[in-house]
Amino acid sequence: MQLIKINATDSTNTYLKQLLGETLVTDFSVVITKNQTQGKGQRGEKWISEKGKNLTFSILKIKPLIAVDRQFLLSSLVSLSIIKTLESYNIPNLSIKWPNDILSDHHKISGILIENIIKSNKIDFSVIGIGLNVNQKLFKGLPKVSSLKSILGMTLDKDELLHKLIENLQIYFKLYTEKGEGIINAEYETYLFRKDKPSTFELPDKTLITGIIRGVTDAGKLCVQMEDATKEFDLKELKLLY
Ligand code: BTN
């Protein structure tokens, strides 16, 4: 495993993707920076992280042996490895807000952005970007965001945390290879935020609907039981309000 530390970069995902075209990079190589200036989030949003305080890094998985129509499995694997790592730090009430926001109680502490490079209908490379709020205390204008330091009341060693995260990610990839996807999907659902609870969602046209989250399909769509039927939604089709 290569650990590539960069003082500053726009996005570790972008940096790692560029490296792929230029040099030989080994499986589970990591690009990490103290200062990510244009961090990318989901739904085209930005990931903002105070310089030097948090973990912002990307890991490369070469040929993850996951079918293109099962890409969501990567989200599940990565989410679970973050959850397991945070459990070892006694972070309370951890859950996964679909598709892959990591929450402690109602606060987001980590986000994942996976970019897959697909060739001949196979995932050639998976660039797994992780942002984890570690030692930042203030999140201006973001009342639903928190960090490990705010939760535990102490400063954490980021290097130690990074190594535990990588180790757990390798453990989950191995589990998938040896035992298959069933065990991963089942565990993901045990952490699914607001599962089996009535919730309110916002649709793209801003209308609000209510329904109960029942699970996630193999393709990664959220199954919501509504008054008349259970419907499947993808990321752009609804937003959970909480
Ligand atoms: C989200 O929750 O919206 C996803 C956030 C992902 C942020 C990480 S930080 C490291 C990597 N590089 C990026 O540009 N984004 C991901």
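See the structure above.
What this report covers is the structure whose coordinates are included nearby. The shown structure was predicted, so the numbers you read here are calculated from the model rather than taken from an experiment.

## Side note on the pairing of strand β2 (residues 30–36)
Burial analysis of β2 places 6 of its 7 residues in the buried class, which makes it a mostly covered element. Pairing geometry for strand β1 (residues 3–9) and β2, over 6 bridges, is parallel. Bridge assignment links L3 to a residue of β2, and that residue is V30. Two elements, β2 and strand β3 (residues 55–62), share 4 bridges in a ladder whose sense is antiparallel. Residue pairing across strands places T33 opposite T56, the latter belonging to β3.

## Topic: the site of the ligand
Looking at the ligand, there are 20 residues lining it, with S11, Q36, K40, Q42 and K108 nearest. Taking S11, its side chain carries an N or O atom lying 2.7 Å from an oxygen atom of the ligand. T12 has a polar side-chain atom sitting 3.2 Å from a nitrogen atom of the ligand. Burial of the ligand by the protein amounts to 97% of the accessible area it has alone, namely 410 Å². With 4 residues, the top contributor of residues to the shell around the ligand is strand β6 (residues 107–119). When grouped by side-chain class, the residues that make up the shell around the ligand number 5 nonpolar, 12 polar and 3 charged.

## Considering the packing of aromatic side chains
Scanning the model with the defined rule gives 3 aromatic pairs in all. For the pair F28 and F173, a centre-to-centre distance of 5.8 Å together with 70° between the ring planes defines the contact as edge-to-face. Within this pair, whereas F28 is found in the loop between α1 (12–22) and β2, its partner F173 is found in helix α4 (residues 158–179), the two being separated by 145 residues in sequence. When sorted by exposure, F28 lands in the same class as F173, which is buried. Where F193 meets Y242, the ring centres are 5.3 Å apart and the plane angle is 80°; that geometry is what we call edge-to-face. Of this pair, F193 sits in the loop between α5 (181–190) and β8 (198–202) while Y242 sits in the segment after β12 (239–241); the two residues are 49 residues apart in sequence, bridging distant segments of the chain. When its relative accessible area of 8% is taken as the criterion, F193 is described as buried. In this arrangement the basic side chain of K144 is found over the ring face of Y242, its NZ or CZ atom lying 4.6 Å from the centre.

What counts and how
- Just so you know, the residues in each chain are numbered from 1, in the order the chain's sequence is written.
- Since the coordinates come from a predicted model, pLDDT governs what is reported: local features require at least 70, and pairs of side-chain atoms require 80 or more to be given and counted, while whole-chain, interface and lining totals use all residues.
- The side-chain numbers reported here are obtained from all heavy atoms of the structure, hydrogens and water having been left aside.
- With a 1.4 Å probe rolled over the protein chains alone, any residue whose accessible area is under 20% of its type maximum counts as buried; one over 50% counts as exposed, and the rest are partly exposed.
- What counts as a helix is a DSSP run of H or I of at least four residues, what counts as a strand is a run of E of at least two, and both are numbered from the N terminus.
- One requirement defines pairing of two strands: DSSP has to find at least two bridges between them.
- What makes a residue near a molecule or strand is one non-hydrogen atom of that residue sitting within 4 Å of it.
- Within 3.5 Å is the distance limit for a polar contact, defined as a pair of N or O atoms, with the added protein rule that one can donate a hydrogen and the other accept it, and that residues adjacent in sequence qualify only through two side-chain atoms.
- Each accessible area is a Shrake-Rupley estimate made with a 1.4 Å probe; only the visible protein chains count as cover when residues are assessed.
- Note that Gly is not counted as nonpolar here; it falls among the polar residues with everything else outside the nonpolar set of Ala, Val, Leu, Ile, Met, Phe, Trp, Tyr, Cys and Pro and the charged set of Asp, Glu, Lys and Arg.
- Ring pairs shown here join Phe, Tyr and Trp side chains whose ring centres sit within 6.5 Å, with only the six-membered ring taken for Trp; geometry is labelled stacked below 30 degrees between planes, edge-to-face above 60, and tilted in between.
- Here, a charge over a ring means that NZ of Lys or CZ of Arg falls within 6 Å of the ring centre while also lying within 35 degrees of the ring normal.

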